[in-house]
Amino acid sequence: MQTISVSTLEYEIDVAALLLRRLRRTRGGAEIAVVPAEDRRTARVQLRSEAEREALCEALAALLLQDAAHFEIARIVNEMPLTLAEKQRVLPEAVKAAHKAAEERAGAAAVPIDCERVQQMLSAHFEGNDNLNLEGFLRFRMREELGAFELYALSAAEEIMLQTEYLELMRVLSVLVRLQQPRIREVSLILHADGSCTITDDTDARIECEGCGAAAGNELVNLLVALAPARIVVYDLSCGRCAELSQVLLQVFEDRVSFFR
């Protein structure tokens, strides 16, 4: 029999309760005895066999890669030169990415996290040690995983910054549209089911566009701003494929645009 102590000095968690929840989701883990300490930051685990130690390592790997990840990613995000509002937007996206990677077990995740590798490191740790400090193990033994957490936070921050810049661009374009004098009376925009679109004006000029995705959609909006029509009539035959473009048109042109679906 082996008695293992699992503790944290920094994380605001009930170690025993969290560990029990993870053990119940692990094969052979429901029978393992877990005793909480008075401060709830330490739990003592009594193991009766090698199989129970393997189950504990599996549960602890999930706890470290998903539950403790919250605190580590929050620490990483808090050190970023962002406003409080931006940090509040970045954190849940980074945590979501970490959870997805842990659950997929390095399957199709953009930055893989190897759960089995963490389990093996925990098993090796317990061969010569009966104590585990969660944050210490994560920061000093799980450097690859910690690096992945940093990448998730950076990726989420970049995405938020791009969204912010995009919204600011849409706001500027909307102001420009309101200030400019119309150059032509009306433009018709037909959004086709294959993702392409056709622009015609009241002089029967015709422009064919191959797509209305993010990049092509931006070019289309810029073109419409340059044309400066008094009215834009959109015939949406895209079956929802151009929903994002439709939202952008509403943001930029507001009451100058009308939709027919």
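This is a predicted model, so every value here is computed, not measured. (Residues numbered from 1 in each chain as written. Predicted model: local features only at pLDDT ≥ 70, side-chain atom pairs only at ≥ 80, totals over all residues. Heavy atoms only, no water.)

## What to know about the packing of aromatic side chains
The condition that has to hold: Each pair of aromatic rings taken from Phe, Tyr and Trp, with Trp reduced to its six-membered ring, is defined by centres within 6.5 Å and is described as stacked if the planes are under 30 degrees apart, edge-to-face if over 60, and tilted in the remaining cases. Strands are runs of DSSP state E lasting at least two residues, helices are runs of H or I lasting at least four, and both sets are numbered from the N terminus onward. Whether a residue is buried, partly exposed or exposed follows from its accessible area with a 1.4 Å probe, protein chains only, as a fraction of its type maximum: under 20%, in between, or over 50%, in that order.
Under the counting rule described, the total for this entry stands at two aromatic pairs. Consider the rings of Tyr-11 and Phe-71, whose centres lie 5.0 Å apart with planes at 20 degrees: the pair is stacked. One end of the pair, Tyr-11, is in the loop between strand 1 (2–7) and helix 1 (15–24); the other, Phe-71, is in helix 2 (residues 50–78), and 60 residues separate them in sequence. Judged by relative accessible area, which is 30%, Phe-71 ranks as partly exposed. Between Tyr-235 and Phe-260 the ring centres are 5.7 Å apart and the planes differ by 20 degrees, which places this aromatic pair in the stacked class. On the criterion of sequence distance, the pair formed by Tyr-235 in strand 8 (residues 229–236) and Phe-260 in strand 9 (residues 257–260) is long-range, its members being 25 residues apart. Judged by relative accessible area, which is 34%, Tyr-235 ranks as partly exposed. Phe-260 sits in the partly exposed class, given a relative accessible area of 44%.

## Points about the sheet that holds strand 6 (residues 197–201)
Quick reminder of the rule: The pairing criterion is simple: DSSP has to find at least two bridges between the two strands. Axes here mean lines fitted to C-alpha atoms, for a helix over just the part in contact, with angles spanning 0 to 180 degrees between N-to-C directions. The contact definition used throughout considers only heavy atoms, calling two residues in contact when any of these lie within 4.5 Å.
Taken together, the five strands give an open sheet; going across it, the order is 7-6-5-8-9, and neighbouring strands pair in mixed fashion. Unpaired on one side and paired on the other, strand 7 (206–209) and strand 9 mark the two borders of the sheet. Ignoring which end each strand starts from, the neighbouring axes of this sheet average 15 degrees apart. Inspection of the sheet shows strand 5 (residues 184–191) paired to strand 8 by seven bridges, in the parallel sense. Across the sheet, the residue bridging to Ile-190 is Tyr-235, located in strand 8. Against the sheet, helix 8 (residues 243–253) engages strand 5, strand 8 and strand 9, with an angle of about 150 degrees to strand 9.

## Quick word on the pattern of salt bridges
Cut-off, in case you're wondering: Each salt bridge in this description consists of a side-chain nitrogen of Lys or Arg and a carboxyl oxygen of Asp or Glu lying within 4 Å of one another.
Inspection of every chain in the model, using the stated rule, returns 16 salt bridges. Where Asp-67 meets Arg-22, a salt bridge forms, and the shortest distance between an N and an O atom there is 2.9 Å. Taken together, the positions of Asp-67 in helix 2 and Arg-22 in helix 1 put the pair 45 residues apart, joining distant regions of the chain. Residue Arg-22 is classed as buried on the basis of its relative accessible area of 8%. Residue Glu-186 pairs with Arg-231 through a salt bridge whose shortest N-O separation is 2.8 Å. In this pair, Glu-186 is assigned in strand 5 and Arg-231 in strand 8, connecting sequence segments 45 residues apart. The exposure class of Arg-231 is partly exposed, given its relative accessible area of 34%. Connected through shared salt-bridge partners, Glu-10, Glu-72, Arg-75, Glu-79 and Arg-139 make up one network.

## Description of the pairing of strand 1
Counting buried residues in strand 1 gives five out of six residues, a clear majority hidden from the surface. Pairing analysis gives six bridges linking strand 1 to strand 3 (residues 42–47), with the strands arranged antiparallel. Bridging from a neighbouring strand, Ser-7 pairs with Thr-42 of strand 3. Bridging between strand 1 and strand 4 (residues 131–133) involves three bridges; their strand directions are parallel. Paired with Val-6 across the strands is Leu-132, a residue of strand 4.

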